[in-house]
Each structure stands twice: as C-alpha cells, then as structure tokens.
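# Observations on the three-dimensional arrangement
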Amino acid sequence: MPTETTPAPATAVPAARTPDEGRSPVDPAAAVAAASDGGARVVAVVIALAWHTAIALPAVLGAWAELAAPAVVLAGWLLVAAVGALAGLRLLRGTGLPAWPLVALLLVVDAVVVAAAGERQLFTAANWVWGTLGWFLVMVLWGRRVYGLIAALGVHALIALAGVLGHGATAPADLARYAMSVHATSTLQVAVFVGGTAIARLARQRAGAAAAAHAAEAERDAAERARRERRARLTLAGGAAEEVLAELADGRADPADPDVQRRAVLAAARLRRLIAESDDVPDPLLHELRAAADLAERNGLPIDLVTIGAPPPLPVQVRRRLADPLTALLADARGWARLTVVAGPDEVVVSLVTPDRAGPDTAGPPGDDGRVEYLYERDGEIRWAQTRWRG
C-alpha cells in the first residue's frame, strides 16, 4: 500500500474573511414574516394617528365650551400625539420601545382626560380617550403577548367605569352605553393585534414550507445532473477500457506494448476514481488520490503519498480537476513516483514527481480553468506536475 507521512500540525493561520463572511444568513421565512408584520404595523400606526387627528381633535375643538376643563383635555391630546408619533416612528423602524412606562403614561392621561371631559361630554367623541387610547396601546405593545394588551385595555375600561360612577351616570341607559363603548373600543384593537401576529406567523410557515420545497427541488435537480454527468463519464471511461480490451482480444494490440499498457492503466485509473469519488469518506480528495496511487502500486510502481493538512470540503468538479491530470500522468509513470498533497482552509496543492523518460509528452499543455490551476514541467530527468485550487 502507499506509504503516508503526516507531520505534526502547524499553527493554523486564519483565512482572510470575505466581505460576505460573518453575516447572518438570510432566512426567507423570517424575511416574509417580517414583511407581513411590517404591513400590519403600518396599518396600526395609520389607524391610531388618523383617528387621533381626524376624529378626536375636531371633536375636542367643537365641544370646547362644553368641556369641564378643555385646556387639560387638549394638553392630554397633545401629549398622546407626541407619544404616538414617537411610538409609530420606532415601530415602523423596528426599534425597541419602553413599552410599560409608555402604557403607564397613557393610562394616567386616560384618567385625567376622563375627569376633565365632564359629565356632559362623558360619552361623546370629545372625550377622545374612549376611541383613541386603545389604538395607542396597540402601537406601544406591538410584538408582545396579547395578554399585556388585554390587561392594559382592562385598566382602561376600569378608568372609564370610575369616571362614569364618579360623574353619577349610574342609570341603566348610562351603564349600557358604557358597556357598548368598552366593547366597541376594545374588540377591534385586540382583533388587529392578534390578526397581525397570526398573519405574520402564517406567512412565516408558508414561506418556510415553500423554501423547503424549493430547496428539495434544487437538490433533486442537482442530484439528477450529477447522475447524468457521472453516467456520461462512466460511459467515456468504460468505452476506453472496452476499446483496449477489444483490441487485446482481437489481437490488434500487443500486451507488451508500453502504449497499450499505459492506455490500460489510464482506463483502469479512471474507472477506479469514478468508484472512489462516490464513497462516503471524511476526505474524498485524499480517498480518490489513494485509490489512484494504490492502482499504480499494484501495477508495480513504487509510490510515496505524502499529505500535509486536511483538505476542506470540495465539490466533485474541483476534485476531478485536481486529481485527473495527475492520475493520467501516473498511468504513464515508470520507476517511482511521489505524490504530495498540501492542504489548508483556502488552498489545496497536489504535486506529482516521476522520472522523465524518452517518449512523447502525454501531459497536455499547462493551463487553468479559473478555479484550478495546472502546471507541468519536464527537464529530461524528472517530470513534475501540479494542480492548485484556491478558495
């Protein structure tokens, strides 16, 4: 078997970071969910600010003379408008909010405005906290559990009840109006809050399912392409082997002819490499090179295989371009051979040295394909070939 030498590991040198390295991978499902949630946030902010501006403010100004303390009601409106503008801006930008301190501030304003509106305007739009405050609570508590919103709306309803009782509006009709107002100004807010969360969750699930299906389809397509390519390579390698065997069987080729021997070894090496590259092993490239070296040694060629470092995971195409040229040279080698693999996290170099001998050059012209560079030299004493991959 080929001998293998592994020196002591050297200190690892960190690879240079690419511009995209270190960034969190984008989750398609999370992106779709964020887009859906962003739309719901816009709806909540628009409803709150539009209601506060288009309905509450004209009502306050229209009933100015009938309010118990109109300046206090207007000051509360301005304070809540400022809180709403801040909360809406930060909500649309996706930045955090000090939710519970703002909830406490809104509920304090709620109690003050209910007292300042007076008995005559208790159930009118001039007492703007009835219809508006719930939407601001939705904005401030967006993204949290619905139980927090329900609790805040419950406190809001208790403040309104205290105002109703404090103003002496205890008639059955007044209590019924109170119940209807609480229902009308709470259920819609909870529905929007829960609906936005549910739609975002559903969008995430559907996007995740679609991404998984797309990934599975892409994986199937890649596997089918790999199968077709492998079949084509197997047909090519098998055809070369069949051609040599047919010539030997018909007597058209001489087994002692070095060229016939080289063709046979090359065909066998290609077939063996095709088998080795599909094996599930920790280091596929080294496994494939060991298979080629083992075949050369079985044909009587002493070969040393030296490995330094561990190759990173490489695509099959890259492994082929690293190994195929050297496998072809091994089929033509005589005397001895030395195969060296030097690997790092972003570079793999495979070198082959064999004695030079008279005869045509079968290595082909040096070159590269953009990812794997191929170099070849001969000086009458040795032949040297190298393939190099850079990540």
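### Focus on the environment of Asp37
- Counting through the fold element by element, Asp37 comes out in helix H1 (residues 28-62).
- Not counting chain neighbours up to four residues away, the residues in contact with Asp37 comprise Trp142 and Ala200.

### Section: the environment of Val192
- The topology assignment puts Val192 in helix H7 (residues 187-250).
- Classification of Val192 as partly exposed rests on a relative accessible area of 21%.
- The spacing of Val192 and Ala44 is 148 residues in sequence and 7.6 Å in space, taken between C-alpha atoms.
- Apart from the residues lying within four places of it in its own chain, the contact partners of Val192 are Trp135 and Trp142.

### Structural notes on the nonpolar core
- Leu106, Trp128 and Tyr178 are the most contacted members of the largest nonpolar core, which has 52 residues in total.
- Those elements giving two or more residues to this core turn out to be H1, helix H2 (70-93), helix H3 (99-117), helix H4 (129-140), helix H5 (146-166) and helix H6 (172-184).
- Looking at this core element by element, the count peaks at 10 residues for H3.
- Membership of the second largest hydrophobic core comes to 29 residues, among which are Leu286, Ala293, Ile303 and Leu330.

### Concerning the pattern of salt bridges
- Tallied over the full model, the rule gives 6 salt bridges.
- We note a salt bridge from Arg390 to Glu347, for which the minimum N-O separation is 3.4 Å. Of this pair, Arg390 sits in strand E7 (residues 382-390) while Glu347 sits in strand E4 (residues 347-355), placing them 43 residues apart in sequence.
- Residue class for Arg390 comes out partly exposed when judged on its relative accessible area of 49%.
- Looking at Glu347, the relative accessible area reads 26%, which means it is partly exposed.
- Note that Asp356 and Arg383 form a salt bridge whose closest N and O atoms lie 2.9 Å from each other. With a gap of 27 residues between them, Asp356 in the loop between E4 and strand E5 (367-368) and Arg383 in strand E7 connect regions that are remote in the sequence. Neither Asp356 nor Arg383 differs from the other in exposure class; each is buried.

Cut-offs applied
Residues numbered from 1 in each chain as written. Predicted model: local features only at pLDDT ≥ 70, side-chain atom pairs only at ≥ 80, totals over all residues. Heavy atoms only, no water. Helix = DSSP H or I, 4+ residues; strand = E, 2+ residues; numbered from the N terminus. Contact = heavy atoms within 4.5 Å. Buried < 20%, exposed > 50% of the residue type's maximum accessible area, 1.4 Å probe, protein only. Core = buried A, V, L, I, M, F, W, Y, C linked by side-chain atoms within 4.5 Å. Salt bridge = Lys/Arg side-chain N within 4 Å of Asp/Glu carboxyl O.

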